Amino acid sequence: EEEKALHEEEYTTSMGIVDLLSSKSLLNRFALSAPLDPSSRTSKDANTLHMPIYTNNKLLLPAHIPPDQREVKLPCVFLSQNKKKKHALLALAACVRLHKLGLLN
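Below, the structure is looked at part by part. The model shown is predicted, which means the values in this text are computed figures rather than measured ones. (Residues numbered from 1 in each chain as written. Predicted model: local features only at pLDDT ≥ 70, side-chain atom pairs only at ≥ 80, totals over all residues. Heavy atoms only, no water.)

1. Notes on the packing of aromatic side chains
- Using the criterion set out here, one finds zero aromatic pairs in the structure.
- Its end group placed over the ring of Tyr54, Lys24 keeps NZ or CZ at 4.8 Å from the ring centre. (Phe/Tyr/Trp six-rings, centres within 6.5 Å; stacked < 30°, edge-to-face > 60°. Lys NZ or Arg CZ within 6 Å of the ring centre and 35° of its normal.)

2. Brief notes about unusual backbone geometry
- Positioned with a positive phi, Glu9 is a non-glycine residue whose angle comes to about 60°.
- With respect to the helices and strands, Glu9 occurs in the loop between α1 (2–8) and β1 (10–12). (Helix = DSSP H or I, 4+ residues; strand = E, 2+ residues; numbered from the N terminus.)

3. Considerations on the nonpolar core
- Core analysis: the biggest nonpolar cluster contains 25 residues, and Leu27, Leu59, Leu61, Val72, Leu92 and Leu98 have the highest contact counts within it.
- Among the secondary structure elements, those contributing two or more residues to this core are α1, α2 (23–33) and α5 (83–100).
- The residues contacting Leu27, other than those within four sequence positions of it, are Pro52, Tyr54, Leu59, Leu61, Ala91, Ala94, Cys95 and Leu98. (Core = buried A, V, L, I, M, F, W, Y, C linked by side-chain atoms within 4.5 Å. Buried < 20%, exposed > 50% of the residue type's maximum accessible area, 1.4 Å probe, protein only. Contact = heavy atoms within 4.5 Å.)

4. Observations regarding the pattern of salt bridges
- Tallied over the full model, the rule gives five salt bridges.
- Here Lys58 and Glu71 are joined by a salt bridge, their closest N and O atoms 3.7 Å apart. With Lys58 in strand β4 (residues 58–60) and Glu71 in strand β5 (residues 71–73), this residue pair connects regions lying 13 residues apart in the sequence.
- The exposure class assigned to Lys58 is partly exposed, which follows from its relative accessible area of 35%.
- In this structure Glu71 comes out as partly exposed when scored by relative accessible area, which is 37%.
- A salt bridge links Lys73 to Glu71; the shortest N-O distance between them is 3.6 Å.
- Taking the relative accessible area as the measure of exposure, Lys73 reaches 54% and is therefore exposed. (Salt bridge = Lys/Arg side-chain N within 4 Å of Asp/Glu carboxyl O.)

So, in structure tokens, the structure goes:
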């Protein structure tokens, strides 16, 4: 499902649609909606654990996601895209994964 969504540049469910323009925003809203200890929000290092972390061709989901599901990798066919599009594609794949895990409606 993740790769299909990447090729179509959108993911549709009965509840809505997420595409490349909305995927990063939706993922950030998801991350910020997790209940946190107030002290975690005051420290940049602690807050980083609760936000998506983008690297060149990977995305690490927040710490409360099951460890075996946290890393999202970009398929080889998309590696030539620019940084902005790579991040949007990674966020879209993450949204699909979170939906399949029942964590995102």
